[in-house]
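# Per-entry structural report
Chain residues, written in single-letter form:
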Amino acid sequence: MNSGGTSLFPLLRKSASKITIHGKSFYTTSLIVSLLETFYANDHHSHTVNELGKKILRKHWKMLDREEAIVLLRKGKYHSSINKIYQLSRSIDDSYANHIM
């Protein structure tokens, strides 16, 4: 992940958590980074991706870290993904969208 000549990997690694499953270690990112990557990497018009995104937003919208999203936006990354999350949030409830933005 490279944005404007600087790698985002060190920034994302700071927010990652390490978990171990059956002796294997994995890094997991925050919910907001996971959603941003999902919408960045997939077709924004995919019905399945949109519906799963809505389901996650309905259930976990209070857990989304706005500050982390702002830092990533300032690095010049995920603009279209943030817009998609905002659109999906508004389709659920304006209070979700207001919390995110």
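See the structure shown above.
Residues numbered from 1 in each chain as written. Predicted model: local features only at pLDDT ≥ 70, side-chain atom pairs only at ≥ 80, totals over all residues. Heavy atoms only, no water.

### A word on the side chain of Ser81
Tracing the sequence through the fold places Ser81 in helix α5 (residues 79-92). One polar contact links the side chain of Ser81 to the main-chain amide nitrogen of Tyr40, over a distance of 3.1 Å. Ser81 has contacts with Leu36, Phe39 and Tyr40, leaving out every residue within four places of it along the chain. (Helix = DSSP H or I, 4+ residues; strand = E, 2+ residues; numbered from the N terminus. Polar contact = N/O pair within 3.5 Å; in protein donor to acceptor, adjacent residues only side chain to side chain. Contact = heavy atoms within 4.5 Å.)

### Observations regarding the environment of Tyr86
Tracing the chain through its elements places Tyr86 in helix α5. Take Tyr86: its relative accessible area is 29%, and that puts it in the partly exposed class. Sequence spacing of Tyr86 and Tyr96 is 10 residues, and the spatial spacing of their C-alpha atoms is 8.4 Å. (Buried < 20%, exposed > 50% of the residue type's maximum accessible area, 1.4 Å probe, protein only.)

### Section: the packing of helix α2 (residues 31-41) against helix α3 (residues 47-60)
Two numbers describe how α2 lies on α3: the axes approach to 11 Å, and their chain directions differ by 165°. Relative to α3, the element α2 is oriented roughly antiparallel. Where α2 crosses over α3, the handedness of that crossing is left-handed. Across the interface between the two elements, Leu31, Leu35, Thr38 and Phe39 of α2 pack against Val49, Asn50, Gly53, Ile56, Leu57 and His60 of α3. Residues belonging to the contact of α2 with α3 are distributed by class as follows: 6 nonpolar, 4 polar and no charged. (Axes fitted to C-alpha atoms, helices over the stretch in contact; angles between N-to-C directions. Parallel < 35°, antiparallel > 145°, perpendicular 65-115°, else oblique. Left-handed = near helix turned anticlockwise from the far one by under 90°. Nonpolar A, V, L, I, M, F, W, Y, C, P; charged D, E, K, R; others polar.)

### Some words on the nonpolar core
By size, the foremost hydrophobic cluster in this structure holds 16 residues, and its most contacted members are Ile32, Leu36 and Ile85. Looking at this core, the elements that each hand over two or more residues are α2, α3, α4 (66-74) and α5. Examining the composition of this core, we find that 5 residues originate from one element, α2, more than from any other. (Core = buried A, V, L, I, M, F, W, Y, C linked by side-chain atoms within 4.5 Å.)

### Points about α4
Of all the positions in α4, only Glu68, Ala69 and Leu72 are classed as buried. Buried residues of α4, viewed axially, fall in a sector of 100°; they line one side. Exposed positions of α4 whose direction lies more than 90 degrees from the buried face are Glu67 and Arg74. Contact partners of the buried residues in α4: α1 (9-14), α2 and α5. The distance from a side-chain oxygen at the start of α4 to the backbone nitrogen of Glu67 is 3.1 Å, and the residue carrying that oxygen is Asp65. Within two residues after α4, Gly76 carries a phi angle of roughly 85°, on the positive side. (Arc of directions from axis to C-beta.)

### A look at the pairing of strand β4 (residues 24-28)
Where strand β3 (residues 17-21) lies against β4, 5 bridges are found, and the strand directions are antiparallel. Paired with Thr20 across the strands is Ser25, a residue of β4. The antiparallel pairing of β3 with β4 creates a hairpin that spans 2 residues between the two strands, and His22 there sits at a positive phi of about 50°. (Pairing = 2+ DSSP bridges.)

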